[in-house]
Amino acid sequence: MHDNLAISATGLVKKFSGRRVVDGVDIAVPTGMIYGVLGPNGAGKTTTLRMLLGIIEPDEGHRTLLGTERPRSVSDRVGYLPEERGLYPAMKAREAVAFMGALRGLPLRTGRKRAVDLLEAAGLGHAADDKIRKLSKGMAQLVQLLGSIVHQPELLVLDEPFSGLDPVNQERLEALILAERDRGATVVLSTHVMAHAERLCDRLAIIAKGRRRFEGTVAEARGLLPMQATYTPRNDDAHIADYLPADAQHRGDGWRFTVPQEGSEQVLSRLIGAGYGISGLSIERPSLHDAFVKIVGRAALEDQA
Amino acid sequence: MSRLGTLVRQTMTIARRDFVATVFTPTFLIFLFAPVVMGSFGAIGGLGANAATSGGGEKSRIVALVSGDQARLMMQVDARLRRVYRDADEAPPILTTKEPATDAAAQARAQIDDRGVDVAAVAYGPLDHPQILYTPRATRAGDYAGDYLAELAEQTLRAERAGVAPLSSATKIKVDRTTPRLGRGKESGFFAVFAIFFLTLLLAGQVVSGVAEEKGNKVIEILAAAVPLESVFFGKLLGTFGVALLFLVFWGTLISQIGTLMPAGMAAGLAALTPAMGMPMFTLLFFGYFTMAYMLLGAVFLGVGAQASSVREIQLLSLPITLIQVSMFGLGAIAISHPSGWLATFARVFPLSSPYFMAGRAAQSPDLWPHVVALAWQAVWVAIFVAVGVHAFRRGVLQSGSGKFRWKGLFGRA
């Protein structure tokens, strides 16, 4: 076990009605990072997070949370935003934040004071004394997130934190998550929206069909796919395809093809030599979305096989 | 902070939330003043019933077909005999004397069938051998109207011979017993059993929907992640118990300060209670057993209610819950009247009936140590019921656990 791991899990298995929903997942989350747990719907992300937090017990495997094998014993050092949002509708926003802090050992008086500060910082100061039932879904979601950080946890686990939020609140939430990391907390977030993961995550794991299919940085994930070139010739004719790589496809005025492993220079030299010239050229690194689709698709094929 | 300290702190956080969420709502006022509504309906019903019976009583009569001097003498004797009846409901119907006709038997029968007046009994013929017709009646006095007429005939004849002037003049001196009256212990015991039954019936049922709120608004996931489920369950129990205590303190204070609020019979009954171990200790034990009865039933109801997935299912549980409470009351009440039988042993040991029975015993027996053992025994069962409820919740609702029962979760390290 590494001292600098906030979470370490090996071979986690969970079966529901005999079906292996999580099938031997390994995860190692270094401290002080934003770590993404990515996967399609039903991949087993939530079940994995619940096992890591000790809400449910794994059927097989071991996990360590903040250095202990008894996750419940460190619950005061952990913040958690579950996938299914839950607040008492009759509670005031300020009280809800303080109550969630109190559950994690923060004195109510301190919690109330911090709650006001946090609500102000999140742009919800005007709603501090509003009951939860009066808040919009996005506002209530932010209140719940504030409740999960009010006790300043060392580890913050967010399950699909962006679902149901409008773009403005999504940006607020991103800022809050980054602020938590800057404070020194380790943040684990699950999502199936790649744009958020791409912007936020230092490392990530991709889970599909109950198994971990990838672990590494965003760049490493994107590096799993070759770069793509979009080329627009100065002069075009029916024979240009002879000078392009085999996978080249005509798109609008130009062509799109995978950059060969040795680079694009040889292809471009051939095209220039044949007189097609270069009117436009862009070389793009594949997105996390592309990598995710490929990894998940490959997982589906592996399972079918 | 130690594990126990953390557990207590988490439990109290849940309890406080539940208490505040319940008490600081307009609905709580309805709950608090429910006895007023119940009492009002009871009073209205009682007044109606009283008016109906008293209306009937005014019209009810007994008739003696006697003539002249015997009639006057009988009225005097009747007035003297009626002095022993303190309760108007117990007294025989009003006496009317009538001159006998030639066919006294037919006249008596006609009196019974009279539509204008409700005649319970009619006497005719010579007083040393009267014939008495009577009709079965609902009240005790009516049932004995015939006997009363027979006694009137006897006493009238005696007065004819000895005169109506009293032969004896008694002096009454009021004294208090220095020892409990035989049977008072049983009465006190039954009162204790009934009082605990009444209070738990009134207050413990609300625990059944304790976790339903959290399941409904998804807060349960937050709670389950932050604190042990044992704390959630104990917190819910304590929170609702706090509400019950507030209810008791409110009504207890009100009734004790305004004694006139209490029905006369109840006030006299309470004043006459003479528990074997003395009132202060009995009060303390009564509170202890009420707490245990509440916690035991509450733990069972909470555990069962936590499995319910809808309000309808919770509503369906109200009947079996009431049946459990009534059966425990019945068991306790029967056992307390035969405290040395096997049923008493069962009621003493069976956790759900133990508080009822032992509260009754506190009124009957001065020994203290059985209560210390009983309270400890009951507390252990509260913990067991909570642990079983938590286990079932973890397995059934959170779909967690390896199937192993986790005593450690309750008593040891998580």
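Residue indices follow the written sequence of each chain, beginning from 1 at its first position. Chains carry letters from A onward and ligands carry numbers from 1 onward, assigned in written order. Local features in this predicted model are restricted to residues of pLDDT 70 or higher, and side-chain atom pairs are both shown and tallied only at a pLDDT of 80 or more, whereas totals for entire chains, interfaces and linings draw on every residue.

1. Observations concerning the overall build of chain B
The test is simple: Helix and strand assignments come from DSSP, with helices taken as H or I runs of at least 4 residues and strands as E runs of at least 2, each series counted from the N terminus. Exposure in this text rests on C-beta crowding, where 20 or more other C-beta atoms within 10 Å of a residue's own make it buried, 12 or fewer make it exposed, and counts in between make it partly exposed. The C-beta atoms are placed from the backbone. Each residue is represented by a C-beta atom placed from its backbone, and any two residues with such atoms within 7 Å are regarded as in contact.
Counting secondary structure elements, chain B contains 18 helices and 4 strands. When each of the 414 residues of chain B is scored for burial, the buried share is 34%. Of all intrachain contacts in chain B linking residues separated by at least 6 positions in sequence, the fraction that spans at least 24 positions is 75%.

2. With respect to the packing of helix H4 (residues 68-82) of chain B against helix H7 (residues 145-162) of chain B
All names here are of chain B. The line we're drawing: Working convention: axes come from line fits to C-alpha atoms, limited for helices to the stretch in contact. Angles between N-to-C directions cover 0 to 180 degrees. Oblique is the label for any angle not under 35 degrees, not over 145, and not in the 65 to 115 range, which are roughly parallel, roughly antiparallel and roughly perpendicular in turn. Each crossing is labelled by how the near helix is turned from the far one, with a counterclockwise turn of less than a right angle marking it left-handed and a clockwise turn marking it right-handed. Polar here means any residue outside two lists: the nonpolar Ala, Val, Leu, Ile, Met, Phe, Trp, Tyr, Cys and Pro, and the charged Asp, Glu, Lys and Arg; Gly therefore counts as polar.
Remark: H4 packs on H7, axes separated minimally by 9 Å, with the N-to-C direction vectors making an angle of 110 degrees. The angle between the axes of H4 and H7 places the two elements in the roughly perpendicular class. Seen from above, H4 lies across H7 with right-handed handedness. When H4 is examined against H7, the residues Gln70, Leu73, Met74, Val77, Asp78 and Leu81 are found in contact with a partner set consisting of Leu152, Gln155, Thr156, Ala159 and Glu160. Along the lines of polarity and charge, the residues of the contact of H4 with H7 split into 6 nonpolar, 3 polar and 2 charged.

3. Quick look at the sheet that holds strand E10 (residues 228-232) of chain A
Residues and elements named next belong to chain A. Applicable threshold: By definition, two strands form a pair when at least two bridges between them are found by DSSP.
Ordered by their spatial adjacency, 4 strands build an open sheet running E11-E12-E10-E13, and the pairing between neighbours is antiparallel. Whereas interior strands pair on both sides, the edge strands pair on one side only; in this sheet they are strand E11 (249-251) and strand E13 (280-284). Across the sheet, the axes of successive neighbouring strands diverge by a mean angle of 25 degrees, strand direction being ignored. Pairing between E10 and E13: 5 bridges, direction antiparallel. Opposite Thr232, over in E13, you have Gly280 as the bridge partner.

4. Some words on the interface of chain B and chain A
When the parts come together, some accessible area is lost, and that loss is often what is quoted as the size of the interface. Facing the 21 residues of chain B at the interface are 24 residues of chain A. Elements with a minimum of two residues in the side of chain B that touches chain A: helix H1 (3-23) and helix H10 (219-226) of chain B. Examining the composition of the side of chain B that touches chain A, we find that 7 residues originate from one element, H10(B), more than from any other.

5. Observations regarding the domain arrangement of chain A
Basically, it comes down to this: The source of the domain bounds is an automatic or database domain assignment.
Segmentation of chain A into domains returns domain 1 (5-66 + 154-222) and domain 2 (228-284). Centre-to-centre, using C-alpha coordinates, domain 1 of chain A lies 40 Å away from domain 2 of chain A.

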